[in-house]
Amino acid sequence: MQGHQILGFVAAVTPLTLIPGTSFTLVTQKVIAGSRRDGVLVTFGTTCGLLVHATFAAVGLSALVMASAEALTVVKILGAGYLVWLGIATWRSTRAAPAPADRGHWRMPWTGLGGFGQGLWSNVLNPKAASVYLTLVPQFLTTDRAVAPQIAALSVAHVLVVLAWLLFWTSVVAATRHAVEAPQFRRRISRASGTVLIGLGLRTAVE
């Protein structure tokens, strides 16, 4: 895979990674309630969950391209529309007061597992993580080469981005346990990420 394709994917997936979501919340909760090690375990569980999504995408998209190269174009167009919608939804979500970080946590199906298990299953069951491989990854695939190796290269880049962000966030939470829970902090991250997502979707749609 071309280096510029991987760099482009990294630039595209970074705002999605920065949007506060399940993994972000789990890391925050585990570090505040426990220690830095708990956040690290959630991080590695999360990245293993990404590999599960990448495996399913490699099988499904490879079959799709084998059946019809034009079908990949349709997937790309739908993905572009989804990115614009997600960016707008992210912006709109900042108008409402965010829910407390621990609200509803005990109702989740991964409750009771250790940090690694919680990170793994929360990401395997996370629609946002699945959407990366159903809408964003296809934008960087070409039909003149095998799809599975391309997805493998992109998934490695994705794992490295998530690792860097969540390990950094683990350190920040461990150092400043109270400041990071401020609603203003989350709103700023969401607004910046939403703006980038809208731009990515529009760029893809007009290419």
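Q: Got a minute to help me understand the overall build of the chain in this structure?
A: For the chain, the helix and strand inventory stands at eight helices and zero strands. Each helix and strand of the chain, ordered N terminal to C terminal, gives the series α-α-α-α-α-α-α-α. Across the 207 residues in the chain, those meeting the buried criterion constitute 44%. The long-range fraction of contacts in the chain, counting pairs at least 24 apart against all pairs at least 6 apart in sequence, stands at 84%.

Q: When you look at the pattern of salt bridges in this model, what are you seeing that I'm missing?
A: Should the charged atoms of two oppositely charged side chains come close, the side chains can pair. The full count for this structure, using the stated rule, is one salt bridge. Here Asp144 makes a salt bridge to Arg145, at a shortest N to O gap of 3.8 Å. Judged by its relative accessible area of 59%, Asp144 falls in the exposed class.

Q: So what exactly am I meant to see when it comes to the packing of helix 1 (residues 3–18) against helix 6 (residues 127–136) here?
A: Packed helix pairs are characterised by how far apart their axes lie and by the angle those axes make with each other. One way to put it is that helix 1 packs onto helix 6 with a least axis distance of 11 Å and a crossing angle of 150°. When the axis of helix 1 is compared with that of helix 6, the two are roughly antiparallel. For the element pair helix 1 and helix 6, the recorded crossing hand is right-handed. Every residue of helix 6 that contacts helix 1 at Phe9, Ala12, Val13 and Leu16 is listed here: Lys128, Val132 and Leu136. The residue inventory of the contact of helix 1 with helix 6, partitioned by class, reads six nonpolar, no polar and one charged.

Q: Before we go on, may I ask you to explain the packing of aromatic side chains in this structure?
A: Any two aromatic rings considered together are summarised by their centre-to-centre distance and by the angle between their planes. Evaluated as defined, the whole model comprises five aromatic pairs. On the basis of an interplanar angle of 35° and a centroid distance of 6.1 Å, the ring pair of Trp165 and Phe168 is categorised as tilted. Taken as a pair, Trp165 and Phe168 lie in helix 7 (residues 147–175) at a separation of three residues, close to a single helical turn. Cluster of aromatic residues (ring-pair linked, three or more members): Phe24, Trp165, Phe168 and Trp169.

Q: What should I look at first to understand a nonpolar patch on the surface in this one?
A: Taken together, the side chains of Phe44, Phe116 and Leu167 define a hydrophobic patch exposed on the protein surface, amounting to about 240 Å² of accessible area. Structurally, Phe44 is set in helix 3 (residues 36–67).

Q: Before we go on, may I ask you to explain the side chain of Gln5 in this structure?
A: Within the secondary structure, Gln5 is located in helix 1. For Gln5, the side chain forms a polar contact with the main-chain oxygen of Phe140, separated by 3.2 Å. Sequence-distant contacts of Gln5, defined by excluding residues within four places in its chain, comprise Phe140, Thr142 and Arg145.

Q: What am I meant to see in the environment of Ile32 here?
A: Within the fold, Ile32 resides in helix 2 (residues 22–33). Note on Ile32: relative accessible area 30%, which makes it partly exposed. Spatially, the C-alpha atoms of Ile32 and Ala174 are 7.1 Å apart, while their sequence positions differ by 142 residues.

Q: In this structure, what is going on with the nonpolar core? I would like to understand it.
A: Grouped burial of nonpolar side chains is what soluble globular proteins tend to show. If you look at the biggest cluster of nonpolar residues, it comprises 34 residues, and the most contacted ones within it are Phe9, Val132, Tyr133, Leu136, Val137, Leu141 and Ile151. Taken together, the elements giving at least two residues each to this core come down to helix 1, helix 2, helix 3, helix 6 and helix 7.

Q: Got a minute to help me understand the side chain of Gln150 in this structure?
A: Tracing the sequence through the fold places Gln150 in helix 7. A polar side-chain atom of Gln150 sits 2.9 Å from the main-chain carbonyl oxygen of Thr142. Within polar-contact distance, the side chain of Gln150 engages the backbone oxygen of Ala146 at 3.1 Å.

Q: Any chance you could explain the packing of helix 1 against helix 7 here in plain terms?
A: At a minimum axis separation of 10 Å, helix 1 and helix 7 run at an interaxial angle of 40°. Taken together, the axes of helix 1 and helix 7 are oblique relative to one another. Taken as a pair, helix 1 and helix 7 cross one another with a handedness that is right-handed. Along its contact with helix 1, which presents Ile6, Phe9, Val10, Val13, Thr14, Thr17 and Leu18, the element helix 7 presents Ala153, Leu154, Ala157, His158, Val161, Val162 and Trp165. Each residue belonging to the contact of helix 1 with helix 7 can be placed in one class, and the counts come to 11 nonpolar, three polar and no charged.

Quick notes on the rules
Residues numbered from 1 in each chain as written. Predicted model: local features only at pLDDT ≥ 70, side-chain atom pairs only at ≥ 80, totals over all residues. Heavy atoms only, no water. Helix = DSSP H or I, 4+ residues; strand = E, 2+ residues; numbered from the N terminus. Buried < 20%, exposed > 50% of the residue type's maximum accessible area, 1.4 Å probe, protein only. Contact = heavy atoms within 4.5 Å. Salt bridge = Lys/Arg side-chain N within 4 Å of Asp/Glu carboxyl O. Axes fitted to C-alpha atoms, helices over the stretch in contact; angles between N-to-C directions. Parallel < 35°, antiparallel > 145°, perpendicular 65-115°, else oblique. Left-handed = near helix turned anticlockwise from the far one by under 90°. Nonpolar A, V, L, I, M, F, W, Y, C, P; charged D, E, K, R; others polar. Phe/Tyr/Trp six-rings, centres within 6.5 Å; stacked < 30°, edge-to-face > 60°. Patch = residues over 30% accessible without salt bridge, like charges linked within 9 Å, V, L, I, M, F, W, Y side chains within 5 Å. Areas by Shrake-Rupley, 256 points an atom, 1.4 Å probe, with all protein chains shown as cover. Polar contact = N/O pair within 3.5 Å; in protein donor to acceptor, adjacent residues only side chain to side chain. Core = buried A, V, L, I, M, F, W, Y, C linked by side-chain atoms within 4.5 Å.

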